[in-house]
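Coordinates in review
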Amino acid sequence: MATVVPFVPPPYPYERLDALKQIADTQPGGVVDCSIGTPCDPVPDVVAAAAADAARQSMGYPPSAGTPALHEAAAAWMARRLDVEVAPDHLAACVGTKEMVVSLPHLLALRDPERDTVLYPAVAYPSYEMGATLANRRAVAVPLDAEWHLDLDAIDPADARRALVLWINEPGNPSSSAADLAYLERVAEWGRANNVVIASDECYVEFAPDRNTILRAGPDGVLAVHSLSKRSNLAGMRVGFYAGDPALVHYLTETRKHAGFMVPTPAQAAAVAAFADDAHVDEQRERYRARRDLVMERLAADGLLHAGGPMLFYLWLRDDHGADGWAMADRLARAGLLVSPGDLYGDAGAPYARLALVQPLERLEPALDRLVKGG
Ligand SMILES: Cc1ncc(COP(=O)(O)O)c(C=O)c1O
């Protein structure tokens, strides 16, 4: 009889940093936490007001797929900022994109029981792999090219035949990679040629030099996944959406409705207000740019170089003297700065460390000063 191994959840990635956090916390002012990509900047007033107004009104169950107003606002945002026309009923809400990332393999496997594999970038947001694991399916990491993009040529044809979905994440966590449109078009074509759903996680799109979406290559076989967590500093609100292939969006909307996924009414109202406003995003981008310039310059003087791409949210650090991600994180923690060792994002990330530029300059500067003084 085959042995069935019960699932034991692995430690949550950021809980592995508890010891480093304690070290960083002993510095004056406490830990400067740049480990998790959680925005700490203010929620725009117009967004907070919309949520508060909605919270004072009727609180019946919200539509699982999202309100018509949310559909309209998200479609208008895509047209305005991403230069792509999406019909409002070819998109639907999700409760932040993490639950969407993790639940997708399970729902796709119900739809296509012959396939059992999730393909994802070998250095990536950990939830792509976890979604496969929690669906009891195979997770296969695909190597990246020299610019941190998933290398389509590295996909084993045998894995492609079994694949339910291929995840890409451009602009990318943790490397800040930013693919051009030609790359996204190639990925969409690959998915169509191999009959594999392409899920394109585009939650950092506002912080790249060009705002590219895979939907510019047409919706067939493709889902673009978007979040307000990073764009509008709304990680605590839990609201995002997915858009693309009409049949796929319809299938997911119907299954997710049965599963009871619903974005709370005030969060949907907040999303409508957030998608209608670009000024706060432009402001936020300038904050990240200023932090990136400062931290990059100060760390480079100390032998820690950004080895990733141009997106503004993360620095992907490599030590000139060859220290690995944990050694770098240890050294930075002694100055009060908490970063994530790169192996949290896959074994190939081990030589790197990720710094999320989520803390204000006045918190970053003293830690950078201590780093230099510490030698
Ligand atoms: C690449 C990527 N996708 C998705 C998410 C999840 O974002 P949320 O669930 O807040 O929309 C994150 C959060 O860090 C992320 O880095």
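To be clear, the structure that these remarks concern was listed above.
Residues numbered from 1 in each chain as written. Predicted model: local features only at pLDDT ≥ 70, side-chain atom pairs only at ≥ 80, totals over all residues. Heavy atoms only, no water.

1. Details of the layout of surface pockets
Selection rule: Here a cavity means grid points, on a 1 Å grid over the protein atoms only, where a 1.4 Å probe fits yet cannot get out; a pocket means an open set of points with protein on both sides within 12 Å along at least five of seven lines; lining residues are those with an atom within 4 Å of a point. Grid points are joined across faces, edges and corners, and a volume is the space filled by probe spheres set on the points. Helix and strand assignments come from DSSP, with helices taken as H or I runs of at least 4 residues and strands as E runs of at least 2, each series counted from the N terminus. Charged means Asp, Glu, Lys or Arg here, nonpolar means Ala, Val, Leu, Ile, Met, Phe, Trp, Tyr, Cys or Pro, and polar covers whatever is left, Gly included.
What the largest pocket holds in volume is close to 1,100 Å³. Taken together, 42 residues form the lining of the largest pocket, with Pro13, Lys98, Tyr125, Pro126 and Ser127 sitting closest to its centre. Only helix 4 (97-111), helix 5 (127-134) and helix 8 (228-231) provide two or more residues apiece to the lining of the largest pocket. The greatest single-element share of the lining of the largest pocket, amounting to five residues, is contributed by helix 5. In the lining of the largest pocket, the residues fall into 23 nonpolar, 10 polar and nine charged. Empty space within the second largest pocket amounts to approximately 240 Å³. As for the second largest pocket, its lining consists of 14 residues, and the residues nearest its centre are Arg111, Leu164, Asn195, Val196 and Val197.

2. Points about the site of the ligand
Going by this rule: Throughout, near means a residue has at least one heavy atom within 4 Å of the molecule or strand. Here a polar contact is taken to be a pair of N or O atoms separated by no more than 3.5 Å, where protein atoms must pair a possible hydrogen donor with a possible acceptor and residues adjacent in sequence count only if both atoms sit in side chains. Under the convention used here, a 1.4 Å probe and the Shrake-Rupley method define accessible areas, while residue burial counts only the protein chains that appear. Any molecule with more than half of its atoms within 2 Å of a cavity's or pocket's grid points is regarded as sitting in that cavity or pocket.
With respect to spatial proximity, 14 residues lie near the ligand, and among them Asp201, Tyr204, Ser227, Ser229 and Arg238 are the closest. Take asparagine 173: an N or O atom from its side chain is 2.8 Å from an oxygen atom of the ligand. Within the side chain of aspartate 201, one N or O atom sits 2.5 Å away from a nitrogen atom of the ligand. With the chains in place, 93% of the 400 Å² that the ligand exposes on its own is no longer accessible. Comparing atom positions with the cavity grids shows the ligand to sit within the largest pocket. Looking at the shell around the ligand, the elements with two or more residues in it are helix 4 and helix 8.

3. Focus on empty space enclosed by the protein
Inspection of every chain in the model, using the stated rule, returns one cavity of 30 Å³ or more. Taken as a whole, the largest cavity spans an internal volume of roughly 100 Å³. Along the wall of the largest cavity there are 16 residues; nearest its centre are Pro121, Val123, Trp148, Asn169 and Ser177.

4. A word on the packing of helix 3 (residues 68-81) against helix 10 (residues 265-275)
Two numbers describe a pair of packed helices, the interaxial angle and the distance between the axes. Using the following cut-off: The convention used is that axes are lines fitted to C-alpha atoms, helices contributing only their stretch in contact, and that angles between N-to-C directions extend from 0 to 180 degrees. These descriptions rest on fixed angle ranges, namely under 35 degrees for roughly parallel, over 145 for roughly antiparallel, 65 to 115 for roughly perpendicular, and the rest for oblique. Each crossing gets its hand from how the near helix is turned against the far one by less than a right angle, where anticlockwise is left-handed and clockwise is right-handed. Here a residue-residue contact requires only that any non-hydrogen atoms of the pair lie within 4.5 Å.
Interaxial distance between helix 3 and helix 10 falls to 9 Å at its minimum, and their mutual angle equals 25°. As judged from the angle between their axes, helix 3 and helix 10 are roughly parallel. Between helix 3 and helix 10 the crossing geometry is left-handed. Residues Ala69, Leu70, Ala73, Ala74, Trp77 and Arg80 of helix 3 lie in contact with helix 10, whose contacting residues are Gln268, Ala271, Val272 and Phe275.

5. Re unusual backbone geometry
Short version of the rule: Buried means the residue's accessible area, taken with a 1.4 Å probe over protein chains only, is under 20% of the maximum for its type, while exposed means over 50%, and partly exposed covers the values in between.
Cis geometry is found at the peptide bond from glutamate 170 to proline 171, where omega equals -10°. Note that proline 171 resides in the loop between strand 5 (163-169) and helix 7 (181-194). One non-glycine residue, serine 176, lies in the positive phi region at around 65°. Counting through the fold element by element, serine 176 comes out in the loop between strand 5 and helix 7. Judged by its relative accessible area of 0%, serine 176 falls in the buried class. Even without a glycine there, the phi angle at arginine 238 is positive, about 60°. Turning to its location among the elements, arginine 238 is positioned in the loop between helix 8 and strand 8 (240-244).

Read these as geometric descriptors, not functional statements.
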